[in-house]
There are 2 protein chains.
Amino acid sequence: MGRKKNKDIIPHEAIRRLSLYLRALKWLSRKKIKVVSSDEITKYLNTIPAQFRKDLSYFGGFGKRGVGYNVEALIREIEKILGTNMVWDIALIGAGKLGTALLGYAGFMEFNLKIAIAFDNDRSKAGRVFGNIRIEPISRMKKEIREKKIKIALLTVPAQYAQKISEDLVQCGIKAILNFAPVNLHLANDIHVAHVDMASELGSLVYRLKHKSSHK
Amino acid sequence: MGRKKNKDIIPHEAIRRLSLYLRALKWLSRKKIKVVSSDEITKYLNTIPAQFRKDLSYFGGFGKRGVGYNVEALIREIEKILGTNMVWDIALIGAGKLGTALLGYAGFMEFNLKIAIAFDNDRSKAGRVFGNIRIEPISRMKKEIREKKIKIALLTVPAQYAQKISEDLVQCGIKAILNFAPVNLHLANDIHVAHVDMASELGSLVYRLKHKSSHK
DNA sequence: CATTTCTTGTGAAAAAAGTAACAAATGGGC
DNA sequence: GCCCATTTGTTACTTTTTTCACAAGAAATG
């Protein structure tokens, strides 16, 4: 049952890679491939076989020596580890350009995440529907998130509102935030925050470009 | 003059943090703050003073002991290091929901990046204008990127086309790609690729949420 | 059923990154 | 001009993460 060796602590990056492994496995599954070796699967990933095996070994031994990994079984194991073996409702706050783009993004489904509700500050947006989701006025945010017991939020509001709104979110029970605003959020440290920051990602690309070094 | 100690190699993450430092410095600048210490600035960042100083020290000594860092001067230094002290034209490939959202995103400007041209496969989209950028048919992509000597591309096409199109991009001179498609690109290793992957970021958030550990 | 060929899981080694600690500057007050 | 409070830049140390290397398990072959 997702037994992990608790003598070792699990590298943060290993968890992130688990998501990538899951995606690759699902792709193999769609191609009707039943069994895959660490050598084979890492051809489609940006890593090496030893790392794939090591990452999995933090959670248990899922492969068979001399054979490889059963694709379907490993999908189920990783989903169990990540917690994506059940549907998680998520809330989207801020239905601007990026927010509405995310409302139509199918990629969340891949991890069993479903945008269940969306809010925007601009009352004129309230009532409009994007990809089956109706935008609600932000005044109802606290009430609805609490009622629906939503734990995860996508934050796509302008930078200047991000801190305040994230505090409101925490108040009504949100425990994890994927922050798209270009500011660092200061929240209690039992609140999990991940940051998607395109511009700064580009910043480091420009650096590497200018300095002509290999990216590998 | 951007003097770096070449005995030490520069941690990849240090470069990414440089972008974050730059953003914080610009914010201080707008607030008319002239000088800032590593202690003060890291209050707005997700890091500690020692790391801020260490990261900068890879590139030179920009502060003054007993005083701190001159905000304007440090902005210029970091821009020079990153290469964002000049405007870079970038191309956007794929004007779907996410692509068009990015066309209207102001955050690129912050790093002197300007979407100069956009392409889409769907001919019916060609000619439409989003945020001053006209969508061109993808048939003209190679020619125009070559002519305009663009080196950086945002790739927002569906996963199944990403590899093929990225190869085309490399052919016409693109050297750096910010990939939003949920696949790993296999390209010559003098091509710099960064990956923005919201769904997998959420995957690791769900894990952390389920396992209740602190995110710090 | 012994042998050969694979391929995993893992402990140990290596590399990389982050943190701490402190000597060396700096400026202000007196 | 000397002392004191600051704050940097850097070296040394610690922790984390990655990579290597190989023993052990599994199937296939004759």
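Residues numbered from 1 in each chain as written. Chains lettered and ligands numbered in written order. Predicted model: local features only at pLDDT ≥ 70, side-chain atom pairs only at ≥ 80, totals over all residues. Heavy atoms only, no water.

*Asks:* So what's going on with the overall build of chain A? Which residues, and what values?
*Replies:* Helix and strand content of chain A: eight helices and 10 strands. C-alpha extents for chain A along the principal axes are approximately 60 × 45 × 35 Å. Counting the 216 residues in chain A, one finds 49% classified as buried. Put simply, of all contacts in chain A between residues at least 6 apart along the chain, 57% involve residues at least 24 apart. About 10,700 Å² of surface is accessible on chain A, with carbon and sulfur atoms providing 52% of the total. Counting 38 positive and 20 negative side-chain charges, chain A places the averaged centre of each group 4 Å from the other. (Helix = DSSP H or I, 4+ residues; strand = E, 2+ residues; numbered from the N terminus. Buried < 20%, exposed > 50% of the residue type's maximum accessible area, 1.4 Å probe, protein only. Contact = heavy atoms within 4.5 Å. Areas by Shrake-Rupley, 256 points an atom, 1.4 Å probe, with all protein chains shown as cover. Lys, Arg positive; Asp, Glu negative; His and termini not counted. Charge placed at Lys NZ, Arg CZ, Asp CG, Glu CD.)

*Asks:* Summarise the relation of the copies chain B and chain A; cite the residues concerned and give the values.
*Replies:* Mapping chain B onto chain A calls for a screw motion: a turn of 180 degrees about the axis and a shift of 0.0 Å along it, with 0.1 Å RMSD after fitting. In symmetry terms, the pair is related by a two-fold rotation axis. Of the interface residues in chain B, 100% have counterparts in chain A that sit at the interface too, so the contact is made through matching surfaces. (Least-squares fit on C-alpha atoms with pLDDT ≥ 70 in both.)

*Asks:* Residue-level account of the confidence of the model for chain A, with values.
*Replies:* Interpretation of this model should avoid reading the predicted coordinates in detail wherever pLDDT is low. Chain-level pLDDT for chain A is 93 on average; 94% of the residues reach the 70-or-more range. Under a pLDDT of 50 for its full length, residues 1–7 of chain A has, in the predicted model, nine contacts with residues more than four places off or in other chains. (pLDDT = per-residue confidence, 0-100.)

*Asks:* Hey, could you go over the side chain of Ser29 of chain B for me, with residue numbers and the actual values?
*Replies:* Residue and element names in this part refer to chain B. Structurally, Ser29 can be placed in helix H1 (residues 12–30). Separated by 2.7 Å, the side chains of Ser29 and Glu72 make a polar contact. The contact partners of Ser29, leaving out residues within four places of it in the chain, are Val71, Glu72 and Ile75. (Polar contact = N/O pair within 3.5 Å; in protein donor to acceptor, adjacent residues only side chain to side chain.)

*Asks:* A description of the domain arrangement of chain A should follow, citing residues and the corresponding values.
*Replies:* The domain architecture assigned to chain A consists of domain 1 (12–82) and domain 2 (88–200). Taken over C-alpha atoms, the centre of domain 1 of chain A sits 30 Å from the centre of domain 2 of chain A. (Domains from an automatic or database assignment.)

*Asks:* Residue-level account of helix H8 (residues 198–211) of chain A, with values.
*Replies:* All names here are of chain A. Taking 1.5 Å per residue, 14 residues should reach 20 Å; H8 reaches 20 Å between its end C-alpha atoms and fits that length. In terms of burial, H8 is largely enclosed, as 12 of its 14 residues are buried. Phi turns positive, to about 55 degrees, at Lys212, one or two residues after H8. (Expected span 1.5 Å × (residues − 1).)

*Asks:* Residues and numbers for the packing of helix H1 (residues 12–30) of chain A against helix H8 (residues 198–211) of chain B, please.
*Replies:* Taken N-terminus to C-terminus, the directions of H1 of chain A and H8 of chain B make an angle of 125 degrees; their axes are 9 Å apart at the nearest point. In terms of axis orientation, H1 of chain A runs oblique to H8 of chain B. Crossing geometry of H1 of chain A relative to H8 of chain B is assigned as right-handed. Within the contact between the two elements, H1 of chain A uses His12, Ile15, Arg16, Ser19, Leu20 and Arg23 of chain A and H8 of chain B uses Ala199, Ser200, Glu201, Gly203, Ser204, Tyr207 and Arg208 of chain B. Looking at the contact of H1 of chain A with H8 of chain B residue by residue, the class counts come to four nonpolar, five polar and four charged. (Axes fitted to C-alpha atoms, helices over the stretch in contact; angles between N-to-C directions. Parallel < 35°, antiparallel > 145°, perpendicular 65-115°, else oblique. Left-handed = near helix turned anticlockwise from the far one by under 90°. Nonpolar A, V, L, I, M, F, W, Y, C, P; charged D, E, K, R; others polar.)

*Asks:* Account for the protein's contact with DNA strand C, with residues named and values stated.
*Replies:* Contacts to DNA strand C come from 26 residues, most closely from Ser38, Arg53, Gly63 and Tyr69 of chain A together with Arg65 of chain B. Each atom of DNA strand C within 4 Å of the protein belongs either to a base or to sugar and phosphate, the latter forming 65%. One of the side-chain N or O atoms of Gln51 of chain B is found 3.3 Å from a phosphate oxygen in DNA strand C. Within the contact set of DNA strand C, a base oxygen lies 3.2 Å away from a side-chain nitrogen or oxygen of Lys54 of chain B. Here the element with the most residues in the surface near DNA strand C is helix H3 (residues 49–57) of chain B; it accounts for four residues. Grouping the amino acids of the surface near DNA strand C by side-chain chemistry returns seven nonpolar, nine polar and 10 charged. (Near = heavy atom within 4 Å.)

*Asks:* So, the nonpolar core: which residues are in play, and what are the values?
*Replies:* In this structure, Leu154 of chain A together with Leu154 of chain B are the most contacted members of the largest nonpolar core, which totals 102 residues. Excluding anything up to four places from it in sequence, Leu154 of chain A contacts Ile90, Ala91, Leu92, Ile93, Leu102, Phe108, Ile115, Leu178 and Phe180 of chain A together with Leu202 of chain B. (Core = buried A, V, L, I, M, F, W, Y, C linked by side-chain atoms within 4.5 Å.)

*Asks:* Residue-level account of the interface of chain B and chain A, with values.
*Replies:* Taken together, the contact between chain B and chain A spans 70 residues of the former and 70 residues of the latter. In total, about 5,900 Å² of surface goes out of reach between chain B and chain A, with carbon and sulfur atoms giving 68% of it. Among the residues chain B hides against chain A, the three largest losses belong to His192, Tyr207 and Leu209 of chain B. Together they make up 12% of the total. Across the contact surface, chain B and chain A share 15 residue pairs in polar contact (both at pLDDT 80 or more). Broken down by secondary-structure element, the contributors of at least two residues to the side of chain B that touches chain A are H1, helix H4 (71–82), strand S4 (88–93), helix H5 (97–103), strand S8 (152–155), strand S9 (176–179), strand S10 (192–195) and H8 of chain B. By residue number, the principal contributor to the side of chain B that touches chain A is H8 of chain B, which donates 14 residues. Of the residues that constitute the side of chain B that touches chain A, the class distribution is 37 nonpolar, 19 polar and 14 charged. (Buried area = accessible area lost by both parts, 1.4 Å probe.)

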